[in-house]
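A structural walkthrough
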Amino acid sequence: MQGSTSFETITSYLPEKLRRLIMNIPCDKLSGLMEVRLRAGGALYLVYSDKISFLRNNGGLSSYYNKKEVYNVSSADIKETVERLCHYSVHSCGKQLSQGYFVVENGVRVGVSGAYSSTDKPVLTEFTSLNFRVSRCVEGCADEIFASNFDKNIIICGGVNSGKTTILRDMCRLNGNIRKTALIDERNEISCLRDGIPQNDVGTMTDIISNCSRSAGIISAVRTMSPEVIVCDEISSTSDSESIISGIGCGVKFIVTAHGTCFDELIKRKELAYLIESGLFDTIVFLRGASAPSKIHEIKRLKNGN
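Everything in this summary refers to the structure shown in the same document. Residue numbers restart at each chain and count upward from 1, following the sequence in its written direction. This being a predicted model, a pLDDT of at least 70 is required before a residue's local features are given, and a value of 80 or more before pairs of side-chain atoms are given or counted; all residues contribute to the totals for chains, interfaces and linings. Excluding hydrogens and water, the side-chain figures rest on all heavy atoms present in the structure.

1. Comments concerning the nonpolar core
Take the buried residues of types Ala, Val, Leu, Ile, Met, Phe, Trp, Tyr and Cys, join any two whose side-chain atoms come within 4.5 Å, and each joined set is a nonpolar core. To sort residues, take the accessible area from a 1.4 Å probe on protein chains only and compare it with the maximum for the residue type: under 20% means buried, over 50% means exposed, and anything in between is partly exposed. Residues V36, L38, L44, L46 and F132 are the most contacted members of the largest nonpolar core, which totals 34 residues. Note on conventions: DSSP H or I runs of at least 4 residues are helices, E runs of at least 2 residues are strands, and numbering of each starts at the N terminus. Per-element tally for this core: the top contributor is strand 7 (residues 124–133), with four residues. Counting residues in each nonpolar core, the second largest holds 24 residues, with I244, V256, F281 and F286 among its members.

2. A look at the packing of helix 7 (residues 214–224) against helix 8 (residues 238–249)
As a packed pair, helix 7 and helix 8 sit with axes 8 Å apart at the nearest point and diverge in direction by 15°. Judged on the interaxial angle alone, helix 8 and helix 7 are roughly parallel. Between helix 7 and helix 8 lies a crossing whose hand is left-handed. Each of R214, S215, I218, I219 and V222 in helix 7 lies in contact with helix 8, whose residues at this interface are S239, D240, S243, I244 and G247. Here the residues of the contact of helix 7 with helix 8 are counted per class, giving four nonpolar, four polar and two charged. Geometry is summarised by axes, namely lines fitted to C-alpha atoms with helices restricted to the contacting stretch, and by angles between N-to-C directions that run from 0 to 180 degrees. Just so you know how the angles are binned, under 35 degrees is roughly parallel, over 145 roughly antiparallel, 65 to 115 roughly perpendicular, and the rest oblique. Helix crossings get a hand from a simple test, with the near helix turned counterclockwise from the far one by less than a right angle marking a left-handed crossing and a clockwise turn marking a right-handed one. Every residue pair with non-hydrogen atoms within 4.5 Å of one another is taken to be in contact. Under the scheme applied, nonpolar residues are Ala, Val, Leu, Ile, Met, Phe, Trp, Tyr, Cys and Pro; charged residues are Asp, Glu, Lys and Arg; polar residues are all the others, including Gly.

3. With respect to the side chain of T283
Inspection of the secondary structure assignment puts T283 in strand 15 (residues 283–287). In contact with T283, not counting residues within four places along its chain, are N149, K152, N153, I154, I155, I299, K300 and R301.

4. A few points about the environment of L168
Positionally, L168 belongs in helix 6 (residues 164–176). With 22 residues separating them in the primary sequence, L168 and I190 have C-alpha atoms 7.9 Å apart. When near neighbours in sequence (up to four residues on either side) are disregarded, L168 contacts I156, I190, V231, C232, D233, I255, V256 and T257.

5. Section: the sheet that holds strand 16 (residues 296–301)
In this scheme, strands are said to pair when DSSP sees at least two bridges between them. In spatial order, the strands read 12-9-13-14-8-15-16; together these seven strands make up an open sheet with mixed pairing. The two strands at the open ends of the sheet, each matched to only one other strand, are strand 12 (206–210) and strand 16. This sheet shows a mean twist of 20° between the axes of neighbouring strands, independent of strand direction. With four bridges joining them, strand 13 (residues 229–232) and strand 14 (residues 253–259) adopt parallel strand pairing. Each residue of the ladder has a partner; that of C232, found in strand 14, is V256.

6. Focus on the pattern of salt bridges
We count a salt bridge whenever a side-chain nitrogen from Lys or Arg sits within 4 Å of a carboxyl oxygen from Asp or Glu. Evaluation of the coordinates by the stated rule reveals 14 salt bridges. One salt-bridge network, in which partners are shared between bridges, spans R109, R133, R187 and E189.

7. Points about the packing of helix 8 against helix 10 (residues 270–277)
Viewed as axis vectors pointing N to C, helix 8 and helix 10 meet at an angle of 20°, and their least axial separation amounts to 8 Å. When the axis of helix 8 is compared with that of helix 10, the two are roughly parallel. Our pair here, helix 8 against helix 10, has a crossing hand that is right-handed. For the pair helix 8 and helix 10, contact is made by T238, S241, E242, I244 and I245 and by K270, E271, Y274 and L275, respectively. Class assignment for the residues of the contact of helix 8 with helix 10 results in four nonpolar, two polar and three charged.

8. A word on the layout of surface pockets
A cavity here means a set of points on a 1 Å grid, drawn over the protein atoms and nothing else, where a 1.4 Å probe fits but cannot get out; a pocket is an open set with protein on both sides within 12 Å along at least five of seven lines, and a residue lines either one if it has an atom within 4 Å of a point. Grid points are joined across faces, edges and corners, and a volume is the space filled by probe spheres set on the points. The computed volume of the largest pocket comes to approximately 780 Å³. Along its surface, the largest pocket is lined by 30 residues, and M34, R133, N161, T165 and T166 are the ones closest to its centre. Listing elements by their share of the lining of the largest pocket, those giving two or more residues are strand 1 (33–39) and helix 6. If one sorts the elements of the lining of the largest pocket by residue count, helix 6 sits on top with four residues. Partitioning the lining of the largest pocket into residue classes produces seven nonpolar, 12 polar and 11 charged. Computed from the structure, the second largest pocket encloses a volume of approximately 350 Å³. Together, 20 residues line the second largest pocket, and Q96, F102, V103, N188 and L193 are the ones closest to its centre. Looking at the lining of the second largest pocket, the elements that each hand over two or more residues are helix 4 (94–99), strand 5 (101–103) and strand 10 (193–194). Among the residues making up the lining of the second largest pocket, the classes are represented as nine nonpolar, eight polar and three charged.

On their own, these measurements won't tell you what the molecule is for.
Have a look at this one:
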């Protein structure tokens, strides 16, 4: 199971004492786990879609924070974990530290926060907290959207932790298994590339462009990879929208995500209003929310999609 494999990956980067404590957590308490977070001077806590649990000093879990009972994460714990992520060569990880995250085995993405250096190319030099995000490949979760919207331009929307990336990843897999697909993975969250190999299944014919802006990646894909469909996450600027519209003009279909829980929220954002008002998108899919991640709340057909 992907979740348990990801959890084992996470624990392998923790200091020995923390690893022993957290490995004592019963397997049934890990169902639905989304994140493992550590903060120097604070707690180690597990984030689920509907709750937060704190690691106790004895290795158990508590549903509330009690400073005397929960494990207190030290600066040394954070530092050692970062060193493990860097394979004990922090200087060799300048690129990751400038971006504020690592991608490790089994699609686990690790966010890092702290103090940045005051240089021309700032990197993190003091580390205060870590966020291990459990990668979830839920094969089949996009079957309904894929079947009813094949060869259409689609926007997938939802709030925080609503499952947008999970749905998009499965849409990419489904498309990439049957036709030429390009994935613009700006933050490496969808494919989780490591040493050039995607840790997540995004389709056998999917070309991945990562660690560049969405707009630049879209332009590059259209010019060089002749995709039939382009998949990209979190549209956030007018340059993204302009590149998408240009790509559609070249005959490419697009599947994108955007933050928003309803149609009225979307059209208040310039870059999304631009896409919708272009008349080029057929379908908007709204997800239910964090309480039911990856579940569809509404599929809205736009005028040109009827």
